[in-house]
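Observations on chain architecture
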Amino acid sequence: MLLEKLKKPFGGIELTWPKLIAFAVAAGAYTAGVAIIPALKYTSFHTIAETFEVWIFFGIFIIMNSASNKDAALKCFVFFLISQPLIYLLQVPFSWQGWNLFSYYPRWFIWTVLCLPMGFIGYYMKKQKWWGYLILLPMILLTAYSYYCFFYNFQFSYPRYLLIVLFCAAAVFVYPLAIFESKKIRVAGTVVAAVLIVALTVLRLLDPPVYTTHLLGGKDEIFDDSYTVYLEDDSYGDVKIEQIGVDGGEPVYLVRADFKKAGHTTLTLVSPDGEAREYDLTIEQTTYNIERKNADG
C-alpha cells in the first residue's frame, strides 16, 4: 500500500550512528557538488544549497527514526554539525571566495545548535497525540513558504524548478499522513495542506513574476528618448527607453526592462535615422547578460 511505503522513512528505519554519519557526509558532499556546477545554478537541484525545505525533510527523517528525545536531539545536531561545514569546505578550491566562504557559516551554526531543542521536542511527534501536529506545523508552514517562492521561480523559468515545487507540495501533504496514525490528525493535516497549496498557488497566479532592471547606457552606448527599442520575442517582457537622472546637466538614459520569463532573445535599439543595433540577451531570474552583435563591424 502506498501509505505504508510512505511511512517507512518516518519511523521504519534503524538509524545507527554509523549510518547517520555516512548520511551527513553524503548530504554535505552532494550539496557542495550541486553548488559547484554552474549548469545547475537555476534548477531544482541547486535549491538544497540555498534554502531549508530539503533539510527540514532530513531533520524529520532523523527525528522519526531515533530511539528517544535525547537520541533525536544529538543525531540532528551531529548530522548538521558534519554536513554544513563540509558543504563549504568542499567548495573552497572551486570558489573565487576561497576560505572566505566560511563567513556564511555562522548563521548555519546557529541553526545547528537549535537542532538540539528542536530534535528533542520533535521526538514528541512519535507520541501520536493531537499536539504532535502542532509541533510539526511550523515545518509545514516553512515548506509551504518554499513552495510559494519556488512556484514564482517555476513560472519565470518554466520548466525549471518543477521538481522542487512538486517536492514541497508533496511534503506538506505527506508529513502528517506518514507520521500520524490518528485519522482525525491525518484529515486535519490534509485539509491544512490543501488550503495552503491552493491559496498560495492562486496568489502566485494572480501576481505573475516580473524582473525589472535597466540595460545598456554608458559612454559606449549613447542614446536618448528619440530612439526606439524592442525585443525580437516580446513574450519575454517589455522594454522602453527611460531617463534615470542627470549627469553634468545632461539627461541620462537607459533601457528599462520588465522581464516576464527566462530565456534568450535579441534586443534591438533603433536610432531616429534608422540605424539598428542588435544585442544578444540572456535572461535569468535576477540577472541578465547582454552583448552587442557585430560590435566590431
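Residues numbered from 1 in each chain as written. Predicted model: local features only at pLDDT ≥ 70, side-chain atom pairs only at ≥ 80, totals over all residues. Heavy atoms only, no water.

Once that is clear, we can look at the nonpolar core. Core analysis: the largest hydrophobic core is formed by 50 residues, its most contacted members being Phe79, Leu136, Tyr175 and Ile179. Listed by contribution, the elements that provide at least two residues to this core are helix H2 (17-36), helix H3 (53-64), helix H4 (69-91), helix H6 (130-157), helix H7 (162-179) and helix H8 (183-206). Sorting elements by how many residues they give to this core places H7 first, with 10 residues. Ranked by size, the runner-up nonpolar core spans 21 residues in total, among them Tyr227, Ala257, Leu281 and Ile283. (Core = buried A, V, L, I, M, F, W, Y, C linked by side-chain atoms within 4.5 Å. Buried < 20%, exposed > 50% of the residue type's maximum accessible area, 1.4 Å probe, protein only. Helix = DSSP H or I, 4+ residues; strand = E, 2+ residues; numbered from the N terminus.)

Another aspect to go through is the environment of Lys240. Mapped onto the fold, Lys240 is located in strand S3 (residues 237-247). With 16 residues separating them along the chain, Lys240 and Arg256 place their C-alpha atoms 5.4 Å apart. In this view, Lys240 contacts Val229, Leu254, Val255 and Arg256; residues no more than four positions away in its chain are not counted. (Contact = heavy atoms within 4.5 Å.)

Looking now at the packing of H6 against H7. As a packed pair, H6 and H7 sit with axes 8 Å apart at the nearest point and diverge in direction by 165°. Taken together, H6 and H7 sit at an angle that is classed as roughly antiparallel. Crossing handedness for the pair H6 and H7: left-handed. Every residue of H7 that contacts H6 at Tyr133, Leu136, Ile140, Thr143, Ala144, Ser146, Tyr147, Phe150, Phe151 and Phe154 is listed here: Leu162, Ile164, Val165, Cys168, Ala169, Ala171, Val172, Tyr175, Pro176 and Ile179. (Axes fitted to C-alpha atoms, helices over the stretch in contact; angles between N-to-C directions. Parallel < 35°, antiparallel > 145°, perpendicular 65-115°, else oblique. Left-handed = near helix turned anticlockwise from the far one by under 90°.)

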